[in-house]
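Secondary and tertiary structure notes
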Amino acid sequence: MANLWVSNNLQVFVSASIIETAKHNILLFPYMPQPALKMYIKTLYPIVKAMDADMFPDGGPSETDRLINPANGQGTPSSFRETQVVPAATVPQPGGGDEASVLTRILHTVNFIDVSAVEGRGLEQHEYHDKARQYSNKLNMVLASSGRGSKYRMSLPNGVTAPQIVLASQPVSLADIELITMAAKRAAAAVNDLKVEHKEDLVVPFGVP
Amino acid sequence: MERNLEKHLDDTFRLPGIAGVICTDEHGLCLGAKGVATRETSGHIANIAESAARLNPNLPPPVIAIESEGGSILIKKEGTITMGIYKSPN
């Protein structure tokens, strides 16, 4: 029997490999809107027909079966019985009627596995932090008792509580680098300009004969 | 005779966001200090710049940025002098 996986937001997955397991005959498709879905069903139709053969081995109604018996004009096959029959009206629609009937037949006969029924419960923020704290405490207890504890902690000094925040923050801005570079250059030039302003001689010759 | 240097330090100090400037020579002698920069830090700043420059002798002296909650200090060695700028946090 073929299986269809349907989620509650109308994603229809017709799953797995049509070639490997002829028994299951399943293909995988993503979510698509109704018109595109109909087109896919159209292309799927021969495949579905093969599934059909599996599902109805004795041969159910097929697309070529007449809706009314042309000989007596009264009887119809039992599944399509109508009271007032107009010949023109009984011409089956080119693709629509069959697709819809096949789809409804599939919907009624196959097992549904709703993959979205089970919702994963995500961790809350405080739960996450609590768990992280518990685990780190347990780890520290185990590490402290073992002889290799000190070797493990020697990688970084404990200067920062959260080194990843510091390391991930923005580096020094280019403007700052430019500022200090220019300031240093001008200061070096200014220091080179340092010169002695000669005011008075330090050594004065006296008139000593 | 240090008029030019003083003027330069003054101009740099008046820029927005700067809390202090300091200029030292290669031995740590303070050539000028303004704002929050004190004379006593001149030796440390010169030493930091010298040590950082020795990390990569083939390259020109790098810019050193020391960041903390109280702001950041930018240090660069150029020739014989070392310049330090104290930036306030913003």
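Everything here concerns the structure above.
These remarks concern the structure in this document. (Residues numbered from 1 in each chain as written. Chains lettered and ligands numbered in written order. Predicted model: local features only at pLDDT ≥ 70, side-chain atom pairs only at ≥ 80, totals over all residues. Heavy atoms only, no water.)

**Side note on the overall build of chain B**
Secondary structure summary: chain B contains two helices and five strands in total. Ordering the α and β elements of chain B from the N terminus gives α-β-β-α-β-β-β. In chain B, buried positions account for 39% of the 90 residues. (Helix = DSSP H or I, 4+ residues; strand = E, 2+ residues; numbered from the N terminus. Buried < 20%, exposed > 50% of the residue type's maximum accessible area, 1.4 Å probe, protein only.)

**Here we look at the pattern of salt bridges**
Per the stated rule, a full pass over the model turns up ten salt bridges over all chains. The salt bridge involving Lys87 of chain B is made with Asp176 of chain A; its shortest N-O contact spans 2.6 Å. Separated into two different chains, Lys87 of chain B in strand β5 (residues 81-87) and Asp176 of chain A in helix α6 (residues 174-192) make up a pair that spans both. A residue is classified by how much of its surface remains accessible, and Asp176 of chain A, at 13% relative accessible area, is buried. Between Glu50 of chain B and Lys77 of chain B there is a salt bridge, with its nearest N and O atoms 3.5 Å apart. Taken as a pair, Glu50 of chain B in helix α2 (residues 42-55) and Lys77 of chain B in strand β4 (residues 71-78) lie far apart in primary sequence, 27 residues in all. (Salt bridge = Lys/Arg side-chain N within 4 Å of Asp/Glu carboxyl O.)

**Structural notes on the sheet that holds β4 of chain B**
Residue and element names in this part refer to chain B. Read across the open sheet, the five strands follow the order β2-β1-β5-β4-β3; overall the sheet is antiparallel. Both outer strands of the open sheet, β2 (30-35) and β3 (63-68), are each paired with one neighbouring strand and no more. Taking the axes of each pair of neighbouring strands and ignoring which way they run, one obtains an average angle of 10° across the sheet. Note that β3 and β4 share six bridges and pair antiparallel. Within the sheet, the bridge partner assigned to Glu67 lies in β4 and is Ser72. (Pairing = 2+ DSSP bridges. Axes fitted to C-alpha atoms, helices over the stretch in contact; angles between N-to-C directions.)

**Topic: the interface of chain B and chain A**
In this complex, chain B contributes 22 residues to the contact, which on the side of chain A involves 19 residues. At the boundary of chain B with chain A, total buried surface from both sides reaches about 1,700 Å², with 75% on carbon and sulfur atoms. Sorting the residues of chain B by area buried against chain A places Met1, His8 and Glu78 of chain B first, and these three jointly supply 30% of that buried surface. Joining chain B to chain A, the criterion identifies two salt bridges. With its nearest N and O atoms 3.7 Å apart, the salt bridge here joins Glu197 of chain A to Arg3 of chain B. Taken together, the connections running from chain B to chain A amount to four residue pairs in polar contact (both at pLDDT 80 or more). Elements represented by at least two residues in the side of chain B that touches chain A include exactly α1 (3-13), β1 (18-24), β3, β4 and β5 of chain B. Among the elements that line the side of chain B that touches chain A, the one with the most residues is α1 of chain B, at five residues. The residue makeup of the side of chain B that touches chain A, split by class, is 13 nonpolar, three polar and six charged. (Contact = heavy atoms within 4.5 Å. Buried area = accessible area lost by both parts, 1.4 Å probe. Polar contact = N/O pair within 3.5 Å; in protein donor to acceptor, adjacent residues only side chain to side chain. Nonpolar A, V, L, I, M, F, W, Y, C, P; charged D, E, K, R; others polar.)

**Some details on a nonpolar patch on the surface**
Residue and element names in this part refer to chain A. A cluster of nonpolar residues, Leu103, Leu107 and Phe112, forms a patch on the protein surface that exposes about 230 Å² of accessible area. Tracing the backbone through its elements, the reader meets Leu107 in helix α2 (residues 96-109). On the accessibility criterion, Leu107 (37% relative accessible area) is partly exposed. (Patch = residues over 30% accessible without salt bridge, like charges linked within 9 Å, V, L, I, M, F, W, Y side chains within 5 Å. Areas by Shrake-Rupley, 256 points an atom, 1.4 Å probe, with all protein chains shown as cover.)

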